Amino acid sequence: NIDVTAVDIFKIPKMPDHAEAYATPCGIDEHYIVIPTKESDSFLSYDLLIHELGHTVEYTQRRKKLDPAYIFGHPLLSETIAHYYQMIYMLKHSTREERLSMLCSITESYVFNRFIQIMQDIEPQNPKFDFSKITRHKDFNELAFAYQSTPVLENLINKYDEKEFAQIFYDHHAKRSGVFLALNFIKYKFDIKELFDIKLPKETIDLSKLIAQTNLKPKKLFDFSKIDETLNSFINGTLSNNC
């Protein structure tokens with residue numbers, strides 16, 4: 001029930017690296033979405049368009065308050081909103097294979113996070129990846145087995161060896177956790193509109209304090225103890241909030 005008819009969609013032949021589509025705010029509700037042309041090598045599915053429309057919904061709801069405090073959203077929560085609308089759509093209109101394919105968008109971030117965990121176990125005070133040590137750690141064997149027929153591990157190792165991981169994680173990978181929060185929004189029938197009224201503080205941001213501004217139940221929202229079961233329910237199309 002949020003009007004997005006003022007949003008324009010543009011097609012371009014070449015997308016930025018690591019982007020299948022993107023949304024940019026403009027005015028109160030005159031945002032635009034950029035998608036690849038049919039001739040482009042980039043892949044675009046309908047659910048991804050819904051994801052980008054989800055971003056424009058947040059832009060509109062925040063900007064219509066005409067208060068600078070609401071202009072910016074938290075990257076992780078913004079991805080939660082966009083994935084919520086995307087996955088609600090997919091539960092109604094997509095195949096099992098399409099839902100499974102969508103989760104590929106979090107693969108690199110998941111592995112990146114596992115690499116951080118391994119590095120922290122090896123050298124807690126070392127802020128950089130050292131893959132000469134990571135690849136000898138017992139937990140790396142599980143990743144090597146899982147991704148043995150893919151270039152995922154090799155690509156990440158070549159890209160991030162000897163680089164500090166904290167800022168890279170915050171800038172590129174932390175927001176991917178929005179997928180899991182969105183799944184819990186669907187699972188527990190939480191109102192996604194609660195996230196539109198959160199103000200970002202000027203000081204260091206604490207995610208739990210942001211959620212405390214809402215009527216959401218943080219213990220449920222951040223409970224990932226059965227996330228495997230929730231993921232499988234989404235893939236099989238049985239996860240529903242009866243929207």
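Residues numbered from 1 in each chain as written. Predicted model: local features only at pLDDT ≥ 70, side-chain atom pairs only at ≥ 80, totals over all residues. Heavy atoms only, no water.

Peer 1: Explain the pattern of salt bridges to me, and be specific about the residues and the numbers.
Peer 2: Tallying each qualifying case throughout the model produces seven salt bridges. Measuring nitrogen to oxygen at the nearest pair gives 3.0 Å for the salt bridge that ties arginine 62 to glutamate 58. Within this pair, arginine 62 and its partner glutamate 58 are both found in helix H1 (residues 46–63), separated by four residues, close to a single helical turn. The two residues arginine 62 and glutamate 58 agree in class, both being buried. The residue aspartate 130 makes a salt bridge to lysine 133 at a minimum N-O spacing of 3.9 Å. Residue lysine 133 is classed as partly exposed on the basis of its relative accessible area of 29%. Via salt bridges that share partners, Glu123, Asp130 and Lys133 belong to a single interconnected network. (Salt bridge = Lys/Arg side-chain N within 4 Å of Asp/Glu carboxyl O. Helix = DSSP H or I, 4+ residues; strand = E, 2+ residues; numbered from the N terminus. Buried < 20%, exposed > 50% of the residue type's maximum accessible area, 1.4 Å probe, protein only.)

Peer 1: So what's going on with a negative patch on the surface? Residues and values would help.
Peer 2: A contiguous patch of negative charge on the surface is contributed by Asp3, Asp8, Asp29 and Glu30. Counting through the fold element by element, aspartate 3 comes out in the segment before strand S1 (8–12). Take aspartate 3: its relative accessible area is 52%, and that puts it in the exposed class. (Patch = residues over 30% accessible without salt bridge, like charges linked within 9 Å, V, L, I, M, F, W, Y side chains within 5 Å. Areas by Shrake-Rupley, 256 points an atom, 1.4 Å probe, with all protein chains shown as cover. Lys, Arg positive; Asp, Glu negative; His and termini not counted. Charge placed at Lys NZ, Arg CZ, Asp CG, Glu CD.)

Peer 1: Go over the side chain of threonine 80 with me, naming the residues and quoting the values.
Peer 2: By the secondary structure assignment, threonine 80 is in helix H2 (residues 75–93). For threonine 80, the contacting residues outside a window of four places in its chain are Gly178, Leu181, Ala182, Phe185, Ile192 and Leu195. (Contact = heavy atoms within 4.5 Å.)

Peer 1: Could you give an account of the layout of surface pockets, naming the residues involved and the relevant values?
Peer 2: Roughly 660 Å³ of volume is contained in the second largest pocket. Ile106, Thr107, Tyr110, Phe180 and Leu231 are the residues nearest the centre of the second largest pocket, which is lined by 24 residues in total. Those elements giving two or more residues to the lining of the second largest pocket turn out to be helix H4 (107–122), helix H8 (166–173), helix H9 (178–187) and helix H12 (227–236). It is H4 that provides the largest number of residues to the lining of the second largest pocket, a total of six residues. Along the lines of polarity and charge, the residues of the lining of the second largest pocket split into 15 nonpolar, six polar and three charged. (1 Å grid on protein atoms, 1.4 Å probe; cavity = no way out; pocket = protein on both sides within 12 Å on 5 of 7 lines; lining within 4 Å. Points joined across faces, edges and corners; volume = space filled by probe spheres on them. Nonpolar A, V, L, I, M, F, W, Y, C, P; charged D, E, K, R; others polar.)

Peer 1: Give a detailed account of the nonpolar core, specifying residues and quantitative values.
Peer 2: Membership of the largest hydrophobic core comes to 32 residues, with the highest contact counts inside it found for Leu77, Met87, Leu183, Phe185, Leu195 and Phe234. Mapped by element, the contributors of at least two residues to this core are H2, H9, helix H10 (207–211) and H12. Ranked by residue count, the leading element in this core is H2, at eight residues. With near-sequence residues (within four places) excluded, leucine 183 lies in contact with Met87, Ile227, Thr230, Leu231, Phe234 and Leu239. Among the nonpolar cores identified, the runner-up in size contains 18 residues, and Val111, Ile116, Ile134 and Leu153 belong to it. (Core = buried A, V, L, I, M, F, W, Y, C linked by side-chain atoms within 4.5 Å.)

Peer 1: Let's hear about the packing of H4 against helix H6 (residues 138–146): which residues, and what values?
Peer 2: Across the interface, H4 lies against H6 with an axial gap of 10 Å and an inter-helix angle of 165°. When the axes of H4 and H6 are compared, the pair comes out roughly antiparallel. Crossing hand, H4 versus H6: left-handed. For the pair H4 and H6, the contacting residues are Tyr110, Arg114, Phe115 and Ile118 in the first and Asp139, Phe140, Glu142 and Leu143 in the second. Considered class by class, the residues forming the contact of H4 with H6 number five nonpolar, no polar and three charged. (Axes fitted to C-alpha atoms, helices over the stretch in contact; angles between N-to-C directions. Parallel < 35°, antiparallel > 145°, perpendicular 65-115°, else oblique. Left-handed = near helix turned anticlockwise from the far one by under 90°.)

Peer 1: Give me the lowdown on the sheet that holds strand S3 (residues 32–36), citing residues and values where you can.
Peer 2: Strand order in the open sheet formed by three strands is S1-S3-S2, and the pairing between neighbours is mixed. A strand with exactly one partner marks an edge of an open sheet, and here the two such strands are S1 and strand S2 (22–24). Each neighbouring strand pair of the sheet contributes to a mean axis angle of 25°, computed without reference to strand direction. Inspection of the sheet shows S1 paired to S3 by five bridges, in the parallel sense. Within S3, the residue paired with aspartate 8 across the bridge is tyrosine 32. The sheet strands contacting H1 are S1, S2 and S3, and the helix crosses S2 at an angle near 20°. (Pairing = 2+ DSSP bridges.)

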